[in-house]
Amino acid sequence: MTRGPRPKENAVRRNKHAHAQELAADAQPGRELPRGLGITTSGARRFWRTWATSPQSARWAETDWAELEITTKLVDALYQGDLKLAGEIRQRVAKWGATTEDRARLRISIEPEHQDRDADQAPAETTTDLDEELFRLLNS
């Protein structure tokens, strides 16, 4: 004798959901950073540019763009030294699918880009002076 209900047929048990999103990895045209926000740091400008052209932004409504404006102001303050905003920023970007784990939770998948890069060509350096500046701020 077994416990519990009988297992479902495999076709029924597939982990596919009607609300799952598959996004192309192509950069989006995005929007310009509004001058009225008064952003002063290059880190916040880069944050805006990264999110405004991200695959996720292809499906954003006006409310999502308004959230990006607010979050960019918080990032600007973070780069000016207000480190207690880091947790709030992390919570906000998680809702857009910032990391692989966030996207898995949101059931968002991004198709990999098909690049014509030679196998022996080294990948581009991804660390920037801004990353080092933020690292220095966090560790001071």
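Check the entry above for the structure.
Model, not experiment: these values are computed from the prediction.

Before we go on, may I ask you to explain the overall build of the protein in this structure?
Assigned secondary structure in the protein consists of six helices and two strands. Starting at the N terminus and walking to the C terminus, you meet the elements of the protein as α-β-α-α-α-α-β-α. Across the 140 residues of the protein, 27% fall into the buried class. By sequence separation, contacts in the protein at least 24 residues apart represent 67% of the contacts at least 6 residues apart. Total accessible area computed for the protein in this model is approximately 10700 Å², and 49% of it derives from carbon and sulfur atoms.

Is there a simple way to think about the packing of aromatic side chains in this case?
Given two aromatic rings, their pairing is described by the distance between the two centres and the angle made by the two planes. Tallied over the entire structure, the rule returns five aromatic pairs. Relative to W65, the ring of W48 lies with its centre 6.1 Å away and its plane at 45°, an arrangement referred to as tilted. Placement of W48 in helix α2 (residues 42-52) and of W65 in helix α3 (residues 62-79) is noted, with a sequence separation of 17 residues between them. Relative accessible area serves as the criterion here: at 3%, W48 is assigned to the buried category.

I keep staring at the packing of α3 against helix α4 (residues 86-94) and nothing clicks. Help me out?
Between two packed helices, what matters for the description is the angle formed by their axes and the separation of those axes. α4 packs onto α3 with a crossing angle of 150° between their chain directions and a minimal axis gap of 10 Å. The angle between α3 and α4 falls in the class roughly antiparallel. When the axes of α3 and α4 are compared, the crossing they make is left-handed. Contact with α3, carried on its side by E67, I70, T71, L74, V75 and L78, involves A86, E88, I89, R92 and V93 of α4 and no other residues of that element. Of the residues that constitute the contact of α3 with α4, the class distribution is seven nonpolar, one polar and three charged.

Explain α4 here, please?
The periodicity of an α-helix, 3.6 residues per turn, causes residues three or four places apart in sequence to face the same way. Taken residue by residue, α4 has I89, R92, V93 and A94 as its buried positions. Residues of α4 that are buried sit in contact with α2, α3 and α5 (100-106).

Would you mind going over the nonpolar core with me for this structure?
Where a protein is soluble and globular, its nonpolar side chains tend to be buried together. Ranked by size, the top nonpolar core spans 19 residues in total, and within it F47, W51, L68, I89 and W96 carry the most contacts. When contributions to this core are tallied by element, the ones reaching two or more residues are α2, α3 and α4. In terms of residue count, α3 provides more of this core than any other element does, six residues in total. Other than its neighbours up to four places away in sequence, W51 contacts Q56, S57, W60, L68, V93, W96, G97 and A98.

Thresholds applied
Residues numbered from 1 in each chain as written. Predicted model: local features only at pLDDT ≥ 70, side-chain atom pairs only at ≥ 80, totals over all residues. Heavy atoms only, no water. Helix = DSSP H or I, 4+ residues; strand = E, 2+ residues; numbered from the N terminus. Buried < 20%, exposed > 50% of the residue type's maximum accessible area, 1.4 Å probe, protein only. Contact = heavy atoms within 4.5 Å. Areas by Shrake-Rupley, 256 points an atom, 1.4 Å probe, with all protein chains shown as cover. Phe/Tyr/Trp six-rings, centres within 6.5 Å; stacked < 30°, edge-to-face > 60°. Axes fitted to C-alpha atoms, helices over the stretch in contact; angles between N-to-C directions. Parallel < 35°, antiparallel > 145°, perpendicular 65-115°, else oblique. Left-handed = near helix turned anticlockwise from the far one by under 90°. Nonpolar A, V, L, I, M, F, W, Y, C, P; charged D, E, K, R; others polar. Core = buried A, V, L, I, M, F, W, Y, C linked by side-chain atoms within 4.5 Å.

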